[in-house]
Amino acid sequence: MFWQAEYRNAEQSLENEFEIVSAELANSVQRHIDHYELALLGARAHIHSSGFSNARSFGEYVDSISLAEHYSGIQCIGLVEVQSNRLNQLRTKVVAIEPNTKENAFGLGADLYAVPIKRAAMDRARDMDAAVLTDLREKPHLQLADKMAISFMMFVPIFEQNKQHETASERRNNISGWIYASIDIKRLMEEMLASEHKDVDIEIFGGKELTADSLMFDRDNVLSLERNDSHYQLVRKLIVAGQTWTVLTRSLQKYEEKLNPSRSIAVLAAGIFVSLVLWLFTWLLTHSRKEAIKLAELLSESQLRLQEMFENMSSGVAVYRVSEDGQKFHFSAFNKAAERMNEIPRQQILGKEVTEVFPGISRMGLIDVFRRVNETGNAEHFPAVLYEDGRISGWVENFVYKLPGGEIVAIFDDITAQKSYEEKMHNLAHSDALTGLPNRRLFMDRMQQAINSAKRTNSILAIMFIDLDKFKPINDELGHEVGDLILKEVALRLKSSLRESDTAARIGGDEFVVLLPALETSEYVLAVAEKIRLALEKPFEAVGKQLSISCSIGIALYPEHGTDTQILVKNADAAMYQAKSEGRNTIRIFTN
């Protein structure tokens, strides 16, 4: 029968869809761990600004990122300070844990470095200057009330301000502490999965081997190694924060019906519907009209249920009729969620060609996906891309497939809010929490890019090291709140003294650095330095008083005073100390 052919066509595409779902789940695991890493990098940037001793400020940062709402897998975030760094005798102390609960308070004062499994992760994080997870293949340090109570820790290193940490040796000498998060993998996965893909099981193993001992998470609590009744099964390896995880996905019993309700059920039901309509036609010819009408009403009821499902999906759905040459796509259906996301009623678009309604679709590349899916018949996941057309804009993720009847279907979600949050966390990880200026990490990245560009174009660049004069007495006598107000105003004055292409950064305390890239001559550098000196010499208004500070500025030029980031910063710092030693409130260029 017709519906049987339709169902076979739908079944053939399930394997492609399963591969996409499997990739989505694995990528989501990676993405969640990356988000957790960003939260810790943001905390590190905050510590660079506020220091280890300001527990209140640390608590305010953790509160600001809303753990329960955005990072429900994180049980707590802690701050570890190095107490002693003698050869082979490093000692640490947990000086802050948030949220500040009774349970978390028990961890205060602990020497995490004394625990072998934690020490191994802390050493790797320090030596690599990267986020590193504890090894889940080693479980003695974990609280394992049961198989699904596995937790692990992520460590991010903190190095002493104004000291180099480019090599592993420098990092070992200049480590000042770690930020860590304690993560419950069950809560992490519940946060990630929610109600997504309920008919796909996901299992996560620590390491490369699929064994019962290395199992970290199993969605349905039935280990796949003990069963082989899944029609589809895929294995993927992930590198997450310095550890290898293996993600296994497998289809469950009703996967074929529920994996993609808007397609598999609809195709099967539509096929059955067509077959029954043909049968109804025969019935009309051979049976009473009354009974045939009753059957027709039942069929109409089924069609209404399908329509109800289509209209109430949380994702946007658009169905397109394809032109004979396979190049153009005309709207034939558009559900309520699609209307809401795109701020347009279906009455205005049905029958129209997609580029007429959404002119930005070609630029974002989705129209090419439509054409490819139409030609090959293979479903495709189109990752999140920014759509803009002058009327609307937002980040949209699409899943595109072809119906057996030839129509193209796009299921899409607006993830603009998620993208905005990711950008916020990225900014926290790369910005100074107090002033909003780039932090040391971002400054060094931009400096390296500027050096690479200068090499290609034979141009010069300048690094300024700026230290505030007479700031410490104000900070000590009037308090940190007044000091913070001055630092914020310093940041504003620095930015107003620079070009858009220049970068000012706060690298700690009352120390700032400036990058002036792509210069033709060095004369501009002295002019900018003098502009900054005069700007910071002007009085500051705070707590009803006029407060005066000044600054000492050291300058190093590329390539005259160095050809890499480490040497240039070191020489600019040396020039700044020369300016201080010669009376302060002055400018000095590095001399050998």
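Here's what I pulled together on the structure shown here. Keep in mind that what you see is a predicted model, and the values were worked out from it rather than measured.

Let's shift gears to the packing of aromatic side chains. With the rule as written, the count across this model stands at 11 aromatic pairs. Look at Phe152 and Trp245: their rings are 5.6 Å apart centre to centre, the planes differ by 85 degrees, and that puts the pair in the edge-to-face class. Here Phe152 is found in strand S4 (residues 151-159), whereas its partner Trp245 is found in strand S9 (residues 243-251), with 93 residues between them in sequence. On the basis of relative accessible area, Trp245 is assigned to the buried category, the value being 2%. Ring plane angle 80 degrees and centroid distance 6.1 Å describe the contact between Phe358 and Tyr387, whose orientation is recorded as edge-to-face. Of this pair, Phe358 sits in the loop between helix H12 (354-357) and helix H13 (361-364) while Tyr387 sits in strand S12 (residues 380-388); the two residues are 29 residues apart in sequence, bridging distant segments of the chain. Each member of the pair, Phe358 together with Tyr387, is buried. An aromatic cluster of three or more residues is present, and its members are Tyr320, Phe329, Phe331, Phe334, Phe358, Phe370 and Tyr387. Positioned over the ring face of Tyr113 is Arg119, at 5.8 Å from the centre of the ring. Of note, Lys419 hangs over the ring of Trp395, and the distance from its end group to the ring centre comes to 4.7 Å.

Mapped onto the elements, Asp502 comes out in the loop between helix H18 (480-496) and strand S16 (503-508). A polar atom in the side chain of Asp502 sits 2.6 Å from the side chain of Arg499.

Trans peptide bonds make up the majority, and among non-glycine residues the majority have a negative phi. Of the consecutive residues Glu98 and Pro99, the connecting peptide bond is found in the cis state with omega at 0 degrees. Geometrically, the link from Tyr558 to Pro559 is a cis peptide bond, its omega value of 5 degrees lying close to zero. Looking at the secondary structure, you find Pro559 in the loop between strand S20 (550-558) and helix H20 (565-581). Although it is not a glycine, Asn458 sits at a positive phi angle of roughly 55 degrees. Structurally, Asn458 is set in the loop between helix H16 (440-457) and strand S15 (460-469).

What follows is about the nonpolar core. A general tendency of soluble globular proteins is for nonpolar side chains to be buried together. Ranked by size, the top nonpolar core spans 52 residues in total, and within it Ile77, Met189 and Trp245 carry the most contacts. Of the residues forming this core, the biggest block, 13 residues, is contributed by helix H1 (residues 2-50). Counting 34 residues, the second largest nonpolar core, distinct from the first, contains Ala491, Leu498, Leu519 and Val528.

This part takes up the sheet that holds strand S8 (residues 233-240). Across the sheet, 4 strands lie side by side as S7-S6-S9-S8; this open sheet has antiparallel pairing. The open sheet is flanked by strand S7 (215-218) and S8, the only strands paired with a single partner. With strand direction ignored, the average angle separating the axes of adjacent strands in the sheet is 20 degrees. Note: strand S6 (residues 200-206) against S7, 3 bridges, orientation antiparallel. Each bridged residue has a counterpart across the sheet, and for Phe205 the counterpart in S7 is Leu215.

So, about the environment of Gly177. Tracing the backbone through its elements, the reader meets Gly177 in strand S5 (residues 175-184). Sequence spacing of Gly177 and Pro157 is 20 residues, and the spatial spacing of their C-alpha atoms is 6.1 Å. If we skip the residues at most four places from it in the chain, Gly177 touches Phe52, Val80, Glu81, Val82, Val156, Pro157 and Ile158.

The subject of this paragraph is the pairing of strand S13 (residues 393-402). Successive residues of a regular strand alternate their side chains across the two faces of the sheet. Across 7 bridges, the pairing between S12 and S13 is antiparallel. Looking at the pairing, Glu380 lines up with Val400 of S13. Linking two consecutive strands that pair antiparallel, namely S12 and S13, is a turn of 4 residues; a positive phi of about 95 degrees is found at Gly390 within it. Where S13 meets strand S14 (residues 408-414), 7 bridges bridge the pair, whose relative direction is antiparallel. Residue Val400 lies in a different strand from S14, and its bridge partner there is Ala410. Between S13 and S14, which follow one another and run antiparallel, lie 5 residues, and Gly406 among them has a positive phi close to 105 degrees.

Another point: the packing of H16 against H20. Closest axis-to-axis distance for the H16/H20 pair is 10 Å, and the angle between their directions is 110 degrees. In terms of their interaxial angle, H16 and H20 are classed as roughly perpendicular. Helix-helix and strand crossings are classified by hand; for H16 and H20 the assignment is right-handed. For the pair formed by H16 and H20, the contact residues are Met444, Met447, Gln448 and Ile451 on the first element and Thr565, Leu568 and Val569 on the second. When the residues that make up the contact of H16 with H20 are grouped by side-chain class, the tally is 5 nonpolar, 2 polar and no charged.

Time to look at helix H19 (residues 523-537). The end-to-end C-alpha distance of H19 is 22 Å, a good match for the 21 Å that 15 residues give at a rise of 1.5 Å each. The inward-facing, buried residues of H19 contact S15, H18, strand S17 (511-519), strand S18 (540-542), S20 and strand S21 (587-589).

The subject of this paragraph is the sheet that holds strand S3 (residues 132-133). One open sheet holds the 5 strands; their spatial order is S2-S1-S5-S4-S3, and the pairing between them is antiparallel. At either margin of the open sheet sits one strand with a lone partner, and together these are strand S2 (89-98) and S3. As paired strands, S3 and S4 are joined by 2 bridges and run antiparallel to one another. For Leu133, the partnering residue across the bridge sits in S4 and is Met154. Packed on one face of the sheet, helix H5 (residues 116-128) meets strand S1 (74-86), S2, S3, S4 and S5 and runs near 40 degrees to S4. Sheet strands in contact with helix H7 (residues 185-193) are S1, S4 and S5, and its direction is about 65 degrees off that of S5.

The rules behind the values
- Residues numbered from 1 in each chain as written.
- Predicted model: local features only at pLDDT ≥ 70, side-chain atom pairs only at ≥ 80, totals over all residues.
- Heavy atoms only, no water.
- Phe/Tyr/Trp six-rings, centres within 6.5 Å; stacked < 30°, edge-to-face > 60°.
- Helix = DSSP H or I, 4+ residues; strand = E, 2+ residues; numbered from the N terminus.
- Buried < 20%, exposed > 50% of the residue type's maximum accessible area, 1.4 Å probe, protein only.
- Lys NZ or Arg CZ within 6 Å of the ring centre and 35° of its normal.
- Polar contact = N/O pair within 3.5 Å; in protein donor to acceptor, adjacent residues only side chain to side chain.
- Core = buried A, V, L, I, M, F, W, Y, C linked by side-chain atoms within 4.5 Å.
- Pairing = 2+ DSSP bridges.
- Axes fitted to C-alpha atoms, helices over the stretch in contact; angles between N-to-C directions.
- Contact = heavy atoms within 4.5 Å.
- Parallel < 35°, antiparallel > 145°, perpendicular 65-115°, else oblique.
- Left-handed = near helix turned anticlockwise from the far one by under 90°.
- Nonpolar A, V, L, I, M, F, W, Y, C, P; charged D, E, K, R; others polar.
- Expected span 1.5 Å × (residues − 1).

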